[in-house]
Amino acid sequence: MLHKKLTDLIKAISARRTFVAGKFKQTGVPIIDAFHGEMHAQMDTGVQQKLLAAIPQLISESADLSESDGRLYHKSRPLILRQLAAQKLFSRLACAGIPVSADAVIVSPYSSLVMLEAAIATIARPGGLILCPEGFYKSNGLHIEKYGLALCRFPADLQRDGRINATCLRAAIEQHQASLCGILLTLPGNPLVAEYTLTELEAIARVLIEANVRVIIDATFDQIQPQHVPLAAIQLNLAGQQKRLYDQTVTISGISKGHHASGPFKIGAATSGDSHWLQDMQAQLTISFQRETTALARIVLEETTENYLEQNRQVMIRRQQEAKCHMARINQKLGAGAVCCLGSAQYGPFILLTLRSDILAQAGVTDGWQLADMLLAAVGIKSVAGPLMGLSLPAVRINIDAPRITWQKDPALLSVLFERIEHLAEAMLQQRLTYQKALTQLAISTTVSTTQFSGDSDGTC
């Protein structure tokens, strides 16, 4: 089965990556971690102050842990968090004509990934599969595989920031109709943040509504983009009937990205017009809220300001611009397109990095696994290999917002990061370094297959 191959491949690649990192550390040069998905920011200063004031009250058991009606916070469905999620996390649905009430929201402690798995679990069936557009979150394969499902990808336009093409989506649905359990989308985007026109969203929604397929939208990056219309908000008149995509969609959000919450401050939330689907998901959520956790998450949601969110957006826009400036400098030295990124996204903490085809060919690099290997083995950069995100092109994901050494995030590392990329590209261009040579210098085996786990780009598994 495909999911078994995926698990074995990731374990083998991970073991090799760990070995390479250990060998590189012996050079005395610190490894730059651009693999992780964290961002530069800490929680809003005002939020931190309120949390610090609340913690002694929680410890002394003097904190008020009750809803507005005086009842203690519910341990499975705290009303205050469902209300705040509706107001804060799903506000863009409301702005687009889909008002979300607390009754249409479920919440989970600690992680939106818990919610994502609950959504997948409720639609899984033996021999089933989930469709994802190429360029998805790096752990999607594992979350899907956990429930015995296969992940099949369909092509997206990576030169246009991973936009979903309605025609490709329709073809993939028709091809896999018999075993299709649902569609998993990451919107407005991860790793690339695309800007869709209303016409594009309506075309995608039309395909999904006509196919009557269940849709899971991971919207944890919702606050990364200054404004956008959520796909689930699209309403269409089909054969004289008004249809809402919201009624066959679960939209998932959380407070780890835009709000930069961590640990006990984090929650996941989901909304849908399908109340039965939400009930099925609620049954999957076996981890209860501690009332203290509800109190802390409440502060994060209530006290995080729009000004704080906008400041973080502007920082990431500047990071994207800085990354492009670094690549332009390298290309001025090594030639046009020597180092480039896929798409032209303005937002988000990531870029998809690749090198010019002749440079890759000279070094014997044919896929993203090998490019990730070379970045780690030759210049000490940890990155996400493209195939983990369903990418057929030889590319890697780089965190440009919060590269770090050990656990220390440092924006100044962006310059160092691109200096190392320049050294690698130059050595490959001048034929001083190949993939085989980079690994041979570390005396490691290259017998692990790097065959992509995610299938052909036409949607086949």
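Quick notes on the rules
Residues numbered from 1 in each chain as written. Predicted model: local features only at pLDDT ≥ 70, side-chain atom pairs only at ≥ 80, totals over all residues. Heavy atoms only, no water. Helix = DSSP H or I, 4+ residues; strand = E, 2+ residues; numbered from the N terminus. Rg over C-alpha atoms; globule rule 2.2 N^0.38 Å. Buried < 20%, exposed > 50% of the residue type's maximum accessible area, 1.4 Å probe, protein only. Areas by Shrake-Rupley, 256 points an atom, 1.4 Å probe, with all protein chains shown as cover. Lys, Arg positive; Asp, Glu negative; His and termini not counted. Charge placed at Lys NZ, Arg CZ, Asp CG, Glu CD. 1 Å grid on protein atoms, 1.4 Å probe; cavity = no way out; pocket = protein on both sides within 12 Å on 5 of 7 lines; lining within 4 Å. Points joined across faces, edges and corners; volume = space filled by probe spheres on them. Phe/Tyr/Trp six-rings, centres within 6.5 Å; stacked < 30°, edge-to-face > 60°. Lys NZ or Arg CZ within 6 Å of the ring centre and 35° of its normal.

Trainee: Looking at this structure, I do not really get the overall build of the protein. What am I missing?
Mentor: Counting secondary structure elements, the protein contains 15 helices and 19 strands. Computed over C-alpha atoms, the radius of gyration of the protein comes to 23 Å, within 12% of the 23 Å expected from 2.2 N^0.38 for 461 residues, which places it in the range of a compact globule. Seen along its three principal axes, the alpha-carbon backbone of the protein occupies a region of about 70 × 55 × 35 Å. Relative to its full complement of 461 residues, the protein shows a buried share of 57%. Entry remark: accessible area of the protein is about 18900 Å², with carbon and sulfur atoms responsible for 52%. Here the protein contributes 43 positive and 40 negative side-chain charges, whose respective centroids are spaced 4 Å apart.

Trainee: Could you clarify how one ought to interpret the layout of surface pockets in this entry?
Mentor: The probe, sized like a water molecule, is rolled over the atoms to show the empty space still left. Space inside the largest pocket adds up to approximately 540 Å³. If you trace the largest pocket, you find 27 residues lining it, with Glu 38, Ser 256, Lys 257, Ala 261 and Lys 266 closest to the centre. For the lining of the largest pocket, the secondary-structure elements that each account for two or more residues are helix H5 (112–123) and strand E11 (249–254). Ranked by the residues each element gives to the lining of the largest pocket, the list is headed by H5, at three residues.

Trainee: Sorry if this is basic, but what is going on with the packing of aromatic side chains here?
Mentor: Geometrically, a pair of aromatic rings is defined through the distance of the ring centres and the angle of the planes. With the rule as written, the count across this model stands at one aromatic pair. Ring centres of Phe 221 and Phe 350 lie 6.2 Å apart, and the angle between their planes is 25°; on these two criteria the pair is classed as stacked. Taken as a pair, Phe 221 in the loop between strand E8 (215–218) and strand E9 (235–238) and Phe 350 in strand E14 (residues 350–355) lie far apart in primary sequence, 129 residues in all. Accessibility assignment for this pair places Phe 221 and Phe 350 in one class, buried. The residue whose ring lies beneath Arg 214 is Trp 277, and the NZ or CZ to ring-centre distance is 4.6 Å. Sitting over the face of the ring of Phe 350, Arg 397 holds its NZ or CZ atom 3.8 Å from the ring centroid.

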